[in-house]
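The lines below spell out each chain.
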Amino acid sequence: MHHPFMDITSVFVVESLPEAEDPTGRKLFEGTLHAACEREGFVGELHQVRTRNQFFGALSHLADLTEKYGLAPILQLETHGGPDGVELTGPPKVVIPWADLIPVLTRINIASKMNFLVVAGMCYGTRITNVLKPMDRAPALGFLGRDEVISPEELLDGMRVFYSKLLQPPYDLGTAIDALNALGPAGGPSFELTSAQKWFCHVFRAYVGTLDDQDYREAHVADLLDKALTYPVDVKDSMEKRLWFNERLNDDEFWFEYHRVPFLMLDQFPENAARFWLGYRECFPPASTPLSAAPDLP
């Protein structure tokens, strides 16, 4: 089903929780998601995993289905999370570093044509965005999570309300997030949606900080030149491209757009351009207008 921010055609729950704990993923799927998916004609699946191989097997399965059928999926991750990554029960207990998730999530996002939402039912779920670089492609259209500790009961109640609102007309993500956060105390911790365009703003701002070193900038240009050249190298072409890059060495606004297009996959899916309205000026606002004030949803 279509919404201005994203399409929705499927929901996949991946759960890895100790046996002694409440199986919030299974309860969410059996009590809310299964019936909603059947009613709306969505694909819905539950995967309970323990090991690294099982975890990535479930994500690869979602990638395969998305590539084959053109799904627009939501991935609900029901695991414990820590500052360093996703925790799986095992045995043995294992932590999947956030960076290890990026390739398979990116594969799903490309297959969905940038219609992939990740919902992190875990603590520290927003940390995945810290490992991105401007040269990457976005691993999802958006990431919904919170950075504070949350009890299983609070999480399950919140996700039930969230999906009850989201998986019915008009399939409005903003309304569903508002309903989710309304359950908590006023002014307390909340779930936040960070969209790919906000990710890019944050990672590019951090990236610009590293480019204060002129040697680093020149090394970056050399790397870009290497990727831009075709082999065997034509000397004239190499010189022209090096000159072209060097002329723009200190032009942050140029590099912003240079990396923004592939990060948001607008080179592959230009029809999504209207979804991403944060440009260089919005990502580098005056000090009186913080980036966090920019809306993520239309």
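Provided above is the structure to which this section pertains.
So, how was this worked out
Residues numbered from 1 in each chain as written. Predicted model: local features only at pLDDT ≥ 70, side-chain atom pairs only at ≥ 80, totals over all residues. Heavy atoms only, no water. Phe/Tyr/Trp six-rings, centres within 6.5 Å; stacked < 30°, edge-to-face > 60°. Helix = DSSP H or I, 4+ residues; strand = E, 2+ residues; numbered from the N terminus. Buried < 20%, exposed > 50% of the residue type's maximum accessible area, 1.4 Å probe, protein only. Axes fitted to C-alpha atoms, helices over the stretch in contact; angles between N-to-C directions. Parallel < 35°, antiparallel > 145°, perpendicular 65-115°, else oblique. Left-handed = near helix turned anticlockwise from the far one by under 90°. Contact = heavy atoms within 4.5 Å. Nonpolar A, V, L, I, M, F, W, Y, C, P; charged D, E, K, R; others polar. Disulfide = S-S within 2.5 Å. Salt bridge = Lys/Arg side-chain N within 4 Å of Asp/Glu carboxyl O. Core = buried A, V, L, I, M, F, W, Y, C linked by side-chain atoms within 4.5 Å. Pairing = 2+ DSSP bridges. Right-handed = clockwise from strand over helix to strand, strands pointing away.

Draft legend 1. A look at the packing of aromatic side chains. For the structure shown, the criterion picks out 15 aromatic pairs. Ring geometry for Phe200 versus Phe256: centroids 5.1 Å apart, planes at 65 degrees, classification edge-to-face. Of this pair, Phe200 sits in helix α6 (residues 196-210) while Phe256 sits in helix α9 (residues 252-263), placing them 56 residues apart in sequence. Take Phe256: its relative accessible area is 1%, and that puts it in the buried class. Note on Phe204 and Phe256: the rings are 5.3 Å apart at their centroids and 90 degrees apart in plane angle, and the pair reads as edge-to-face. One end of the pair, Phe204, is in helix α6; the other, Phe256, is in helix α9, with 52 residues separating them in the sequence.

Draft legend 2. How the structure looks around the packing of helix α7 (residues 214-228) against helix α8 (residues 235-247). Two elements in contact, α7 and α8, have axes separated by 10 Å at closest approach and are oriented at 140 degrees. Between α7 and α8, the crossing angle belongs to the class labelled oblique. As α7 runs across α8, the sense of the crossing is right-handed. Residue-level contacts link Val221, Leu224, Leu225 and Ala228 of α7 to Ser238, Lys241, Arg242, Phe245 and Asn246 of α8. Considered class by class, the residues forming the contact of α7 with α8 number five nonpolar, two polar and two charged.

Draft legend 3. A look at the packing of helix α1 (residues 24-40) against helix α4 (residues 152-166). For the pair α1 and α4, the least separation of the axes is 10 Å and the interaxial angle reads 30 degrees. One element, α1, and the other, α4, form an angle in the roughly parallel class. α1 and α4 meet at a crossing whose hand is right-handed. Taking contact as the criterion, the partners of Thr24, Lys27, Leu28, Thr32 and Leu33 in α1 are, on α4, Pro152, Leu155, Leu156, Met159, Arg160, Tyr163 and Ser164. The residue makeup of the contact of α1 with α4, split by class, is seven nonpolar, three polar and two charged.

Draft legend 4. Layout of the state of the cysteines. Summed over the entire model, instances satisfying the criterion amount to one disulfide. A sulfur-sulfur distance of 1.6 Å marks the disulfide that ties Cys201 to Cys283. Of this pair, Cys201 sits in helix α6 while Cys283 sits in helix α10 (residues 280-283); the two residues are 82 residues apart in sequence, bridging distant segments of the chain. This pair shows no difference in class: Cys201 is buried, exactly as Cys283 is.

Draft legend 5. Representation of the pattern of salt bridges. Under the criterion given, the structure shown has 13 salt bridges. Glu87 is the partner of Lys93 in a salt bridge, and the nearest nitrogen-oxygen pair spans 3.8 Å. Given the relative accessible area of 21%, Glu87 is considered partly exposed. In this structure, Glu253 and Arg281 form a salt bridge, with 3.2 Å as the shortest nitrogen-oxygen distance. Note that Glu253 is positioned in helix α9 and Arg281 in helix α10, a separation of 28 residues in sequence. One network of salt bridges, in which partners are shared, links Asp64, Glu67 and Arg107.

Draft legend 6. Quick peek at the environment of Arg217. Mapped onto the fold, Arg217 is located in helix α7. What makes Arg217 buried here is its relative accessible area of 7%. Counting along the chain gives 29 residues from Arg217 to Asn246, while the straight-line C-alpha distance between them is 9.5 Å.

Draft legend 7. Structural detail: the nonpolar core. Among the nonpolar cores identified, the biggest contains 87 residues, and Phe55, Leu101, Phe162 and Tyr163 are the most heavily contacted of them. Of all the elements, α6 adds the most residues to this core, at eight residues. When residues no more than four places from it in sequence are discounted, the contact partners of Phe55 are Val14, Val49, Leu77, Val86, Leu88, Ile96 and Leu101.

Draft legend 8. Broad picture of the pairing of strand β2 (residues 43-48). Bridge count for strand β1 (residues 10-16) against β2 is six bridges, and the pairing is parallel. Residue pairing in the sheet places Glu15 in a bridge with Gln48 of β2. In this fold, β1 hands off to α1, which returns the chain to β2; that crossover is right-handed.

Draft legend 9. Representation of unusual backbone geometry within the structure. Of note, the amide linkage connecting Gly90 to Pro91 takes the cis form, showing an omega dihedral of 10 degrees. Checked against the element boundaries, Pro91 lands in the loop between β4 (85-88) and β5 (94-97). For the bond from Pro91 to Pro92, the omega torsion is -10 degrees, close enough to zero to count as cis. Within the chain, Tyr171 stands out as a residue other than glycine whose phi angle is a positive 55 degrees. Structurally, the position occupied by Tyr171 is in the loop between α4 and α5 (173-182). Residue classification places Tyr171 among the buried positions, given a relative accessible area of 8%. Positive phi, normally seen in glycine, also occurs at Met265, with a value near 60 degrees. With respect to the helices, strands and loops of the structure, Met265 is situated in the loop between α9 and α10.

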